[in-house]
Amino acid sequence: MTTTAPGPAGTTPVVTAPLAAGPTLADTAPTVLALIAGYVGHRTVAIGLRAGLLERLAEHPGATADELADALALDPSYVSVWCRAALGAGVVERSGPGFRLAPNMATLLLDAGSPAYVGGVFGVLEAHEVFGRFEQVLASGERMWWEDTSPEWIAAVSGTGTPFYTRLVPGGLERVPGLAAELDAGCRVADTACGAGVGLVRMATTYPRCTFVGVDGDRHSLDLARARVDAAGLGDRVQLVHSALEDMELDPPARVVVNNISMHECRDIDRVAQNVVAALEPGGWFVISDFPFPDTDEGLRTVPGRIMSGIQFFEAQIDDQLLPRSAYDDLLTRHGFTDLGSVQLTPMHALTHGRRP
Ligand SMILES: C[S@@+](CC[C@H](N)C(=O)[O-])C[C@H]1O[C@@H](n2cnc3c(N)ncnc32)[C@H](O)[C@@H]1O
């Protein structure tokens, strides 16, 4: 409705639009309540993963709370509380007198070999290294580095990185023009910031004609990588080097350099890019596989944007931040890479690639 106010004497009346009514409390409260509900769902899934409740339900669909409690030596009344919360969160559904996992939950939460696996993220976000320590050092701003983190943290990060490698190898790499044929024929491949070696094992198994070098700055991660590579019987084709990427020198050079969810962590990203250029044969490929952090407020408000904002709490403590994908276009362009391209594999995973001239 509009109102007409008299204008100054002898002038036309002023027509004013009604003041737009702001949102009511009832309009706004659901935003806040959804945050609380999300927290409850997160904790419910994390407990279900750690206590084996989700795995048991995957193996025994229709199990009652009492049967679950009995099988896992847990308190029956507590397990029934968990079941109701899991039902509310949409993670389980009723099955007769018992419960079963909702469709696709086994893949999303339990199948570490699936490209869709997100079960590892629950452990990462619950780890002290993300929100707990952040709040402790919020005033001091004290930073840390990988050697200051716990073995549990390294294991959780590796679990989160695994589906990134699963999507990268071989599917993601096949989308880089010309690359798959060279990998199939056999060449030297470097995994820079190889972490606990999941990607090295994945690549060495997928490309049996290739040799590999994994480089990482964290000694504990490299020990895990060595154990993983040896356990897979791949030790003769996989070399490991303890070095900051800023100091990396590879000899012989590689045909392909990959970097999985780590490029944003480089202390000096331009020095690392220079070292990658030096480590590559002419025509060799550099493939950066990383979280594409939103560069708009709209993107920050999406579910993937909000999850990546959670990861930023850890990144801040090691003095970096996830980067928008376009930052890698700029980086590769600055360092003379050609044939630039990018592939969005999921809303939280993008590849940026280029070739050394
Ligand atoms: C998020 S983890 C990812 C590890 C592995 N790529 C994966 O996906 O499981 C990051 C790894 O990068 C390593 N890293 C980060 N910045 C580094 C740098 N500048 N030089 C060497 N290693 C680095 C850390 O030690 C850690 O192992």
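Residues numbered from 1 in each chain as written. Predicted model: local features only at pLDDT ≥ 70, side-chain atom pairs only at ≥ 80, totals over all residues.

1. Examining the pairing of strand 11 (residues 349-355)
Formally: Labels follow a simple rule on C-beta atoms placed from the backbone: if 20 or more others lie within 10 Å of a residue's own, it is buried; if 12 or fewer, it is exposed; otherwise it is partly exposed. Every helix listed is a DSSP run of H or I at least four residues long, and every strand listed is a run of E at least two residues long, numbered separately from the N terminus. Here the rule is simple: two strands pair whenever DSSP picks up at least two bridges between them.
The buried fraction of strand 11 is high, at seven of seven residues. Neither face of strand 11 is open: one carries His-349, Leu-351, His-353 and Arg-355, the other Ala-350, Thr-352 and Gly-354, and all of them are buried. In this sheet, strand 11 lies alongside strand 9 (residues 280-290) in antiparallel orientation, the contact comprising six bridges. Bridged to Val-287 within strand 11 is His-353. Both strand 10 (residues 338-346) and strand 11 contribute to a ladder of six bridges, which runs antiparallel. Paired with Gly-341 across the bridge in strand 11 is His-353. If you look at the hairpin formed by strand 10 and strand 11, you'll find two residues sitting between the two strands.

2. What to know about the domain arrangement of the chain
Put simply, the test is: Segmentation into domains, and thus their bounds, comes from an automatic or database assignment.
Under the domain assignment, the chain is made up of domain 1 (32-110) and domain 2 (125-355). Measuring from the centre of the C-alpha atoms in domain 1 to the corresponding centre in domain 2 gives 33 Å.

3. Some details on the site of the ligand
Let me state the cut-off plainly: Think of it this way: take the backbone, place a C-beta atom on it, and check whether that atom is within 6 Å of the molecule or strand, in which case the residue is near it.
Neighbouring residues of the ligand: 23 residues in total, closest Gly-161, Ala-193, Gly-195, Gly-217 and Asp-218. For the shell around the ligand, the elements supplying multiple residues, two or more each, are helix 8 (151-174) and helix 10 (198-206). With four residues, helix 8 is the largest single contributor of residues to the shell around the ligand.

4. Focus: unusual backbone geometry
For residues that are not glycine, phi is negative in most cases, and the peptide bond is trans in most cases. Cis geometry is found at the peptide bond from Val-169 to Pro-170, where omega equals 0°. Pro-252 follows Asp-251 through a cis peptide bond whose omega is 5°. In this structure, Pro-252 sits in the loop between strand 7 (238-242) and strand 8 (254-260). Non-glycine residue Ala-73 carries a positive phi angle of around 55°. For Ala-73, the location among the structural elements is in the loop between helix 3 (65-72) and helix 4 (76-89).

5. Structural notes on the packing of helix 6 (residues 119-126) against helix 8
Threshold: Angular values range over 0 to 180 degrees, each being the angle between N-to-C directions of two axes fitted as lines to C-alpha atoms, with helices fitted over their stretch in contact. By convention, the crossing between two helices is left-handed when the near helix turns anticlockwise from the far helix through less than a right angle, and right-handed when the turn is clockwise. Contact between residues is assigned whenever the C-beta positions, reconstructed from backbone atoms, fall within 7 Å. Three classes are used, and their members are as follows: Ala, Val, Leu, Ile, Met, Phe, Trp, Tyr, Cys and Pro are nonpolar, Asp, Glu, Lys and Arg are charged, and the others, Gly among them, are polar.
Close contact between helix 6 and helix 8 brings their axes to 8 Å; oriented N to C, the two are set at 145°. In this structure, the crossing between helix 6 and helix 8 has a hand that is left-handed. Contact residues: helix 6 offers Gly-120, Val-121, Gly-123 and Val-124, while helix 8 offers Ala-156, Val-157, Gly-159, Thr-160 and Thr-162. Split into classes, the residues belonging to the contact of helix 6 with helix 8 amount to four nonpolar, five polar and no charged.

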